[in-house]
Structure formats: C-alpha cells, structure tokens
Amino acid sequence: MSLIQSNLTSVLQDVLLRKSRHAFLLSGIVSCSLLVRAQVETPPAGDEPWKKEYRATATKFTDLINTKLDVRFDYDKSYMYGKEWLTAKPHFYPSDSLTLDAKGMDIHKVAIIKGGKEETLKYDYDGMTLRIHLDRIYKYTEKYTVYIDYVSKPNELKVHSGSAAITDAKGLYFINPKGEEKNKPTQIWTQGETEANSVWFPTIDKPNQKTTEEITMTVPSKYVTLSNGLLVGQKENGDGTRTDHWKMDLPHAPYLFFMGVGDYAIVKDSYKGKEVAYYVEKEYAPVARRIFGHTPEMIAFYSRITGIDYPWPKYDQITGRDYVSGAMENTTSTLHGESAQQDARQLTDGNEWEDVIAHELFHQWFGDLVTTESWSNITLNESFADYSETLWNEYKYGKDAGAAVNLQGLQGYLQQPENAEKDLVRFYYADKEDVFDQVSYPKGGRTLNMLRNYVGDSAFFKSLNLYLTTNKFKSAEAQQLRLAFEEVTGQDLNWFWNQWYYSSGHPKLTIDYVYDDAAKKVQVIVSQTQGTEKVFRLPVAIDLYNGATRDRHNVWVEHQTDTFTLAYANGSRPDLVNFDGDKVLLCEKKDNKNLDNYIHQYKYAGNYVDRYEAIAYCAKHQEDAKALDLLKAGLKDRYYRIRELTLNRLDMKQDAIKTAFEPLIAAVAEHDNNRPTKAKAIELLGSYENPAYKSLFQKAVSDSSYSVSGNALEALSTLDSTAALNLANKLVKSPAKGELSIAISAILIKAGDESNYDIIADNFETMPVNQDKFQFVMPFASMIAKVKDPNKVKRGIDLIVKFKEAIPASYRGQTDPFIDNVLNGVAKKKEADGATEQAGYIKTKIESSKKGS
C-alpha cells in the first residue's frame, strides 16, 4: 500500500509552505554495544492501555485452504449478495468449531458440504465474528468445506477513520452507484488492508493466513471486472448481466483479495507471455501506456535483482475513483487512486505516479509472495516497497535519481520528530492502522539502504533471494529476514536488527575537524547528541580528498564521542574530509565544514547528496561571492533536481542576487529540457517584470506542459494584463489542469468577471483531492467573495467544505485551520457588503464541518 499521495503531498506542501509534517506516500534503536541475541521490544512509557498490550501474531487455530465466492451487487442499496464455499482444516489441535471474521453482514445460512449436499450447521454471530459449530471434531489432517449464504452491507457498518495510508475501512465500496453524480463513473472496488475484506466475505482476516481463491461476479453487461488470478470464463445471462469467473490457484493472504467493476478501457501489455493490463477510464486509454508502460520492464528488473521470476499468473492495474488510499498491491491486481490517471500534458511534466507503480509492483514479491505475519512486522512489506522506488530510479534513470528518491525518503521521516519514538518492528500500538507511517515506509527503506551499503550489493540481493525462496507463499517476521542475511554473509547481524528494527530513533551527529599540518594528520571528531541513553553503532566511510584523488578510511562510530586520527595522503592537507562518503546514514547531522570544503565536495565528491548539501550550504551564504559562483554552477548541474533546488533557494529579495542570476535564470527558462525546472525558472523570471521576456512568456503559454504554460501565463500577466486576460478567456474553454488551471482562474478572478464563475466552480469541483486543489482554495474563495448571486455563493462554499471534508482525517488537524480561515475571510467580506444571510450560511457550514471532523 502506498501512503496517500505521498502523505497528501507532505500535507499539501506543509499547508502551502507553513511547515508542519508526513507525505502517502513512509524506527528503531537500542544501546549500541554488540548484541548477539534478538531484542524484545519493551513497552513504551505512558498510562494508555495500548502501551501495555503486546500485539502478538494471530494464533492459528484453523488454516484456510480455498475460498470460493459467488457474488452479485445491488446498486440501489449498495449491498452485495454472496455465497461462499470455504475449505479449511484445523491448524494442529483437533477442533469442532470455525471462527471467522464477518463484519456487518446478514447471515442467512451456514452449512457443511457432505457428499455434494448441504447439512445445516449451528452458529453464533454478533455482527463482527461468526462462530460456526462444525458437525464433528476434525483433525489437522482432515479438510472440510462450509457453505455460507450472506449479505454484505458495507455502508451500514461503523468503521474507524483509518490511517496515514488508508482513510477508511469498510472493505467494499460502491462509487456513484445510482449515477447521480455528474462527471463521475459508477464503479465498485474493494480495499482489504488491513482487515477490511471480511466486510464482504467471511474469512480469517489475518495476514498470516493463505488461501487459494475463486470468484464469480455477476455484473451489468456494460461493465468489465477484475479480480485476482486469471479470468477463466464469462457467461452472458440474457437479462442484461454477465457472470465473470476469476480463479487464483496460488495461495495468498485474505486482505489481498480484490474485486473491481466499472466501465473501463483495457489496454494490454505482456511479460514473458503473461498478461500485463491497464484498466483505465476510457478517456485515458490513449495515454495508458505512458502512465503504466514501464511495468513490463519493472517486472523484468525486479525478477532479475530478486532472482525470482515474477511468480504470479498475470499482473493488472486498475484505477478507482474516491479511493481511500494511494494504491494497493492486491495480488496480480493492483488498485490505484484516480490521481494515477494523467493526461498527455500532465505527463509532459513527468509521470508523477511512476514511483507508486514501482512500489506496488515490488509488493508482489514483498507482501504478496512473502507476507508479514503480523502488522507489527509490516516493515517486511512496506519498507521493501518503499525502497523499491530508490532501486527502480537508480536502475532506470541513474544514480542521481536513485539517491534523490532516497534523500526524499530520509527528509520525509525526519520531518516529524515524533517518528523517533517509534520502533520499526512495533509490538505496541493503539490501532493496527497506526503502523502505516513514515517509520514503516521511508525509515524502513533507508534502513535497507544502509544494510545494502554495509553488506554490499551481491550479498544484499542474494540474501533477499534466500528470504523469498525460503518463505514463499508463507508469512514471515523480521527475524527471518535477519537469518537470511546471516546465512549469506556469515555475520551475526543481531546488532543491526536490534538497533534499527527493534528499537527507535536515529543518531544526531556533530562532526568537527581538527587539522595538524605539522603532524600531517586530521582529527575527525564525531559526537552523538541524541542523548546518552541511546548510542548508535555505525559503520562509516571517511574520504580524504586532494583534488580529485580520494583516500577512503572505513571506521566504526560506536561511542558518544569518537575521534578518528587520519594521516594526510601524500603529506598534503586534504581539500576535503567527507564524512559518510557514500551518504547512506539515516541521521541528522551538523557537519562543520567550511565553504571551501563544500565547494570541493560539489566538484569532486560528486554524488547527488554531496552536491545537494553543497548547494544547500551555499544558499545560506549568498553574501559570499564564492557561494554565488557555486550556485551558478548549480543552475547548470547535470541533474534537474539540483538545478531546481538552486532555483528554489535563490534569495530573489536581494537586488544583487536578482541581477547576477537573471541571465542564468533566463537561459534555464528558455532551454532547460526538464519541464518543471523550466516552469520554475519562468516563475522567477516573471518577478523581473522585464518587457524583454514578453515574447518568451507568450511562446511558453503554448507549451504542452501545464506547469510551463501556467507559470508563463501568470508571468505574462505582470507585463500585459490585457493580453493575459485574453489568453485566459480562450484557454478556459479547453481542458486545463495544475498550474495552468490555477493561473487561468487567478487571472479571471482578478478581472472580476462573474460570468466565468460557473466554469471556475466546475473546474474546482472536478479536481481530485490533491495539492493543486488545496492551492486553488484561496483564489476560488476570493472569487466567491466578489460574487453577488447567493446561489453561486452557496455552491462555492459547499464545494470548498466538501473538499475540506474529503481530506483524510489524519491531515485535517493541519488543513482545517487554513480552510476555515479562508472561509471566515469570505464571511467577513460578505458582512461588510451587507450580505448577512450569505455570511451566516458560511459560518454555519464552517461549524457543521467542524462537528463532522
């Protein structure tokens, strides 16, 4: 599962640059002495009951073997009518009962199948758990099949609000079932993780169960279906419906079961003769391969590095409206949120969903083939999927791209101080949904990156192969991963697991340098400042540079303060001492280098993080000519993220900086081959209000990229508001998204023409819940403040409140104050204009939305 849109794009870019914290899109540490036994997590401090409740792996009383379902849907009631034939056996001890999770159902009949006939069984049902009294005592060598006739009523089930990765937990979702919402298709999709599939079929809804599967779905003939495994049959029923038969012959966990129904185009690819298909809304069929088309290459890459060829019979991907997560790795049938669907112009800026596609695919090995045995061990699923984004980018786009994704993950984890209090393997939590966070995702991914660096690529991937091979079609815990690494490397790795998996936090390092030219030695002094109760043991490379020549020293940091005395190479004082030469440590650090050191680091150490750190340092010293020279080099860096970082860090409030960098910014605006970087340069160039750039802006408005076009239109408006308004009036009649949509709306709003209100409101309504929509709230609200028609005002306020309430609950503590403040501003403007009834309506909507949050 992906963290929701990289945790709602870092809480909508920290509520538009006000720093707060988590993107969907992701801890652990003990004393650093060399431990040789597996660490047992101690309960966290505090009086809350959950802090004393050890979350053990679910006890297996029964083993699931096969699950056969026959289902049909009632779109008017949002019900599913189901029949189930469940084959199971006692796990070990003889048993005369079967206990199943079955949430919020009507149970009509329970029977056991004997000789092809049904024999009614007694059962107890409390609305959540179905306890079936079998006809006799069964031994673990004896299988039995029970039949259950039931109704699933997901919308009548009371569920909690979910987590940072999933915002709801009712399992089965009817989207616009009666077709009452315009511009929204009718769909059905399911979401099982963590334990919500038991809303739509009785099962033992635990991750340490595995079962084969068979589903027949009866649906309106105009719709297509998708489920796990292969489509083995279809039958037209002659009444406007069709029954599709899906079958999965390989065992997988119940939470990975999936059904999807809707009016989709199916675009087909393949991998070694296996179907690879993309189910998208029909308007996106022409660009489906631009969105998902790297999938066969990803499958080949992951098959190669794991040493296990893709193990399932097919791999399909489908999109879902109003999806409650970012994406979900249902076995052979991944479900993506609607944001995956990008049009051709959006894709010009780059496929923002590619990392999610890579993430979910890697789950087919880590999570589906081998599944965490408990939610406490979710790192075995999510940390690997998180790290796969680094692996894919490194392979496909180069080391800079992989390192950039890795750094982004580290920054996401460090952004929330409370993450340091959580273990990576977490046996104590308030709710199982809580483990889907920045610890299980990016911290776990960065932990794997350190492990890979420590043992080396060959041993790392050989260990993954051993882990997957040993545990395939089974569940596992983190210790089994350790054992695989120990068998391959020959090392005792308890110290690493105890430090990073079974404890919390991360090192905070201060690095100082003392040069002794007479002795021709340098002291590298590393202090751990996170507190004396936790001292980390860290294998680190320290590189000494003379010019481009590097002299590497591999050392261990393992005390509160360590001093490493290193001889000058060739007797010359080094130009740079580069601590953590590979830039892999999961840490916060204060690295007391000087400007000359960082300039040398940029030029000669040269990996992405080295260059990033150097640009970031120079950006804080823009009063220094040497720092400015390096920032100028940053604008010509080989990798676009460094160029974009440099643009973002320029202090454009300083006239001298603005003047010195103008020709370089103009060159990026005109010639950069990366569209978002080009767009940023155009944005900055607009601040010069220089008529010489008018033709550049006019040309860029026609660019295929929404971000370039939008920023160019906004920049043009600073030079020629009439020309910009004329263009906006033309562009508003064509599809526009992202920066272009925002720019058009802002210009039209500023012009104060109420005739465009409906177009702008329609645009806002159809935007998905993302950063662009959040950014659009303020300009849209300013237009509502000017509108006189009370019906239009009410519609606009309703749309903003609807968006506010659609933001996942875990983020609303940060987004609600911003939106409420904007709405209160509209209310005050209406009061000042004498529109007291409109003002009262706005205040009422604010209060009612607070009660619902």
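The paragraphs below set out a description of the structure included in this document.

Cut-offs used in this document
Residues numbered from 1 in each chain as written. Predicted model: local features only at pLDDT ≥ 70, side-chain atom pairs only at ≥ 80, totals over all residues. Heavy atoms only, no water. Patch = residues over 30% accessible without salt bridge, like charges linked within 9 Å, V, L, I, M, F, W, Y side chains within 5 Å. Areas by Shrake-Rupley, 256 points an atom, 1.4 Å probe, with all protein chains shown as cover. Salt bridge = Lys/Arg side-chain N within 4 Å of Asp/Glu carboxyl O. Helix = DSSP H or I, 4+ residues; strand = E, 2+ residues; numbered from the N terminus. Pairing = 2+ DSSP bridges. Contact = heavy atoms within 4.5 Å. Axes fitted to C-alpha atoms, helices over the stretch in contact; angles between N-to-C directions. Core = buried A, V, L, I, M, F, W, Y, C linked by side-chain atoms within 4.5 Å. Buried < 20%, exposed > 50% of the residue type's maximum accessible area, 1.4 Å probe, protein only. Phe/Tyr/Trp six-rings, centres within 6.5 Å; stacked < 30°, edge-to-face > 60°. Parallel < 35°, antiparallel > 145°, perpendicular 65-115°, else oblique. Left-handed = near helix turned anticlockwise from the far one by under 90°. Nonpolar A, V, L, I, M, F, W, Y, C, P; charged D, E, K, R; others polar.

### Looking at a nonpolar patch on the surface
The grouping of Phe92, Tyr93 and Tyr140 at the surface amounts to a nonpolar patch, some 380 Å² of accessible area in total. In this fold, Tyr140 is placed in the loop between strand 7 (129-138) and strand 8 (144-152).

### Things to note about the sheet that holds strand 18 (residues 315-320)
Adjacent strands of a sheet pair through backbone hydrogen bonds, lying either parallel or antiparallel. Sheet architecture is open: five strands sit in the order 16-17-18-20-19, paired in mixed fashion. The open sheet has two edge strands, strand 16 (264-271) and strand 19 (327-328), and neither has a second partner. With five bridges joining them, strand 18 and strand 20 (residues 333-337) adopt parallel strand pairing. Its bridge partner lying in strand 20, Asp316 is registered against Ser333. Sheet strands in contact with helix 3 (residues 295-306) are strand 16, strand 17 (274-281) and strand 18, and its direction is about 40° off that of strand 16. Sheet strands touched by helix 5 (residues 354-362): strand 18, strand 19 and strand 20. Its angle to strand 20, the strand with the most contacts, is close to 150°.

### Quick notes on the sheet that holds strand 25 (residues 538-546)
Within the open sheet, the three strands sit side by side as 26-25-28. Their pairing is antiparallel. A single partner strand is all that each edge strand has here, and the edge strands are strand 26 (549-557) and strand 28 (576-579). The mean angle between the axes of side-by-side strands here comes to 20°, regardless of whether they run parallel or antiparallel. In this sheet, strand 26 lies alongside strand 25 in antiparallel orientation, the contact comprising nine bridges. Each bridged residue has a counterpart across the sheet, and for Asn546 the counterpart in strand 26 is Thr549. Helix 12 (residues 595-605) rests against strand 25 and strand 28 of the sheet, and its axis sits at about 75° to strand 28.

### Topic: the nonpolar core
Ranked by internal contacts, the top residues of the largest apolar core, which has 180 residues, are Trp365, Trp497, Tyr501, Val524, Phe579, Ile665 and Phe780. With eight residues, helix 23 (residues 771-786) is the largest single contributor of residues to this core. Residues contacting Val524, with those up to four places away along its chain left out, are Ile511, Asp512, Tyr513, Ile542, Asp562, Thr563, Phe564, Leu566, Val577 and Phe579. Counting residues in each nonpolar core, the second largest holds 62 residues, with Val146, Trp189, Tyr255 and Tyr264 among its members.

### Comments concerning the packing of aromatic side chains
Counted according to the given criterion, the structure contains 54 aromatic pairs. Taken together, a centroid distance of 5.8 Å and an interplanar angle of 80° make the contact between Tyr454 and Trp556 edge-to-face. Separated by 102 residues along the polypeptide, Tyr454 in helix 8 (residues 439-455) and Trp556 in strand 26 bring together distant segments of the chain. A relative accessible area of 23% places Tyr454 in the partly exposed class.

### A closer look at the environment of Asp76
Tracing the sequence through the fold places Asp76 in the loop between strand 1 (62-74) and strand 2 (79-90). Separated by 101 residues in sequence, Asp76 and Pro177 place their C-alpha atoms 6.8 Å apart.

### Here we look at the packing of helix 19 (residues 706-719) against helix 21 (residues 738-751)
Axis separation between helix 19 and helix 21 bottoms out at 7 Å; the angle between their running directions is 25°. Classified by the angle between their axes, helix 19 and helix 21 sit roughly parallel to one another. Crossing of helix 19 against helix 21: the hand is left-handed. Seen from helix 19, the contacting residues are Tyr706, Ser707, Ser709, Gly710, Asn711, Leu713, Glu714 and Ser717; seen from helix 21, they are Glu739, Leu740, Ala743, Ile744 and Ile747. Grouping the amino acids of the contact of helix 19 with helix 21 by side-chain chemistry returns six nonpolar, five polar and two charged.

### Examining the pattern of salt bridges
Applying the stated rule across the entire model yields 53 salt bridges. For Lys737, the salt bridge identified is with Asp343, shortest N-O distance 3.7 Å. Of the two residues, Lys737 is situated in the loop between helix 20 (721-731) and helix 21 and Asp343 in the loop between strand 20 and helix 4 (344-348); the sequence distance between them amounts to 394 residues. On the basis of relative accessibility, which here comes to 27%, the residue Lys737 falls in the partly exposed class. On the accessibility criterion, Asp343 (16% relative accessible area) is buried.

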